[in-house]
Amino acid sequence: MQSLHYTSIKGRAEEIIEDILALPPIATQAGLIFTLHLVCEEVVSNIVNYAYPEGQEGELSVDVEDAGGFLVLTFKDKGTPFNPLTKEPPDTSLPLHERPIGGLGIFLVGQMMDDVSYSYVDGCNVLTLKKEKAGE
Amino acid sequence: MAKKNPITLNEDTLNVVLEERLDITNSMKLIEELNKYREEEGITHVVFDARNLTYIASTGIRAVLYADQVVGENPHITILGASQDIYHVFEMTGLTKFIEFKDAQE
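In this report, the structure presented in the accompanying data block is examined. Given the structure is predicted, the values throughout are model-derived calculations rather than measurements.

This paragraph deals with the packing of aromatic side chains. One pair of aromatic rings is described through two measures. These are the centre distance and the angle between the planes. One pass over the full model with this rule turns up three aromatic pairs over all chains. A ring pair is formed by Phe34 of chain A and Tyr55 of chain B, whose centres lie 5.5 Å apart and whose planes are at 70°; its orientation type is edge-to-face. Of the two residues, Phe34 of chain A sits in helix α3 (residues 33–51) while Tyr55 of chain B sits in strand β5 (residues 55–56), which places them in two different chains. Residue Phe34 of chain A is classed as buried on the basis of its relative accessible area of 10%.

See below:
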């Protein structure tokens, strides 16, 4: 398992996403890099921008595990308890001019991963994403 | 160094040439550029040239929605030359039903 830990995340979303994508279990998945980039961006930018109250630097841990045929990505933060999976999914039947601007990020994560789960453990929001690896 | 998203107005059509990526690094900048055209009258089409675009995230889709909602009055939106990955992201959001995709790799 590969792990990253940040004790200060404010304004560092781009750097954190790049660090995650460079971890070997992810960097070697050429066929999945678009998907993994997108889901990491959605999750990390949500945590960096919204998990902590204004003025807090915020912490984030990321674990990436190559578990047999699956990649498992776990994001842990100590921000305000929030289960993103309870968010109402967007109405994808609405035309452009009736769509709210935003709110698609976690929906895309759910669409692109094989499994997404949330728990609140020991004061941490824990979001776990699972994706079957591309064929060797 | 990131290039600017060049936007040109040709009569009733706003042409937007996208960079290689449209995500948290540059979507806000594109929205700011689009905002300059919100008072412009007579824009009926917005064409996003996505032939160089290899990556998009939800913030990029937000920029496309923004164009529809603030430029002109419900302009016709076209995305030109989208890759399969880019098309697939729009497809998941249901937006391929409302946006014209030209020369996309579906």
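Okay, the side chain of Asn26 of chain B next. All names here are of chain B. Looking at the secondary structure, you find Asn26 in the loop between β3 (21–22) and α1 (27–35). Overall, the relative accessible area of 3% leaves Asn26 in the buried class. A distance of 3.4 Å separates the side chain of Asn26 from the side chain of Glu19, its partner in a polar contact.

Ile20, Phe75 and Leu129 of chain A together with Phe48 and Phe90 of chain B are the most contacted members of the largest nonpolar core, which has 75 residues in total. Among the elements that take part in this core, α3 of chain A stands out by supplying 10 residues, more than any other. Those residues in contact with Phe48 of chain B that lie beyond four places of it in its chain are Val16, Leu18, Leu30, Ala63, Val64, Ala67, Ile77, Thr78, Ile79 and Leu80 of chain B.

Our next topic: the packing of α1 of chain B against helix α2 (residues 58–70) of chain B. All names here are of chain B. Axis separation between α1 and α2 bottoms out at 9 Å; the angle between their running directions is 10°. With respect to each other, α1 and α2 are oriented roughly parallel. Touching Ser27, Leu30, Ile31, Leu34 and Asn35 of α1 are Thr59, Gly60, Arg62, Ala63, Tyr66 and Ala67, all from α2. Split into classes, the residues belonging to the contact of α1 with α2 amount to six nonpolar, four polar and one charged.

Taken residue by residue, the interface counts 26 residues in chain A and 28 residues in chain B. Together chain A and chain B conceal approximately 2,300 Å² of surface at their shared face, both sides included; 69% is due to carbon and sulfur atoms. Among the residues chain A hides against chain B, the three largest losses belong to Phe34, Leu96 and Ile101 of chain A. Together they make up 33% of the total. Taken together, the links from chain A to chain B amount to zero salt bridges. At the boundary of chain A with chain B, the tally comes to nine residue pairs in polar contact (both at pLDDT 80 or more). Secondary-structure elements contributing two or more residues to the side of chain A that touches chain B are α1 (13–22), α3 and α4 (105–112) of chain A. The element best represented in the side of chain A that touches chain B is α3 of chain A, accounting for six residues.

The subject of this paragraph is the sheet that holds strand β3 (residues 70–77) of chain A. Residues and elements named next belong to chain A. The strand order across the open sheet built from five strands is β1-β2-β3-β5-β4, with neighbouring strands paired in antiparallel fashion. The open sheet has two free edges, formed respectively by β1 (2–6) and β4 (115–121), since each of these has just one partner strand. With direction set aside, neighbouring strand axes in the sheet form an average angle of 15°. Pairing of strand β2 (residues 60–67) with β3 involves eight bridges; the strand directions are antiparallel. Bridge pairing in β3 links Leu60 to Asp77. Relative to β3, α3 is tilted by about 10°, and along the sheet it contacts β2, β3 and β5 (124–132).

Here the focus is unusual backbone geometry. Residues and elements named next belong to chain B. Of note in the backbone geometry, Glu11 takes a positive phi value of approximately 55° without being a glycine. Note on placement: Glu11 falls in the loop between β1 (7–10) and β2 (13–17). For Glu11, a relative accessible area of 72% puts it in the exposed group. One non-glycine residue with positive phi stands out, namely Asn74, at about 45°. Note on placement: Asn74 falls in the loop between α2 and β6 (76–80). Judged by relative accessible area, which is 48%, Asn74 ranks as partly exposed.

Calculation notes
Residues numbered from 1 in each chain as written. Chains lettered and ligands numbered in written order. Predicted model: local features only at pLDDT ≥ 70, side-chain atom pairs only at ≥ 80, totals over all residues. Heavy atoms only, no water. Phe/Tyr/Trp six-rings, centres within 6.5 Å; stacked < 30°, edge-to-face > 60°. Helix = DSSP H or I, 4+ residues; strand = E, 2+ residues; numbered from the N terminus. Buried < 20%, exposed > 50% of the residue type's maximum accessible area, 1.4 Å probe, protein only. Polar contact = N/O pair within 3.5 Å; in protein donor to acceptor, adjacent residues only side chain to side chain. Core = buried A, V, L, I, M, F, W, Y, C linked by side-chain atoms within 4.5 Å. Contact = heavy atoms within 4.5 Å. Axes fitted to C-alpha atoms, helices over the stretch in contact; angles between N-to-C directions. Parallel < 35°, antiparallel > 145°, perpendicular 65-115°, else oblique. Nonpolar A, V, L, I, M, F, W, Y, C, P; charged D, E, K, R; others polar. Buried area = accessible area lost by both parts, 1.4 Å probe. Salt bridge = Lys/Arg side-chain N within 4 Å of Asp/Glu carboxyl O. Pairing = 2+ DSSP bridges.

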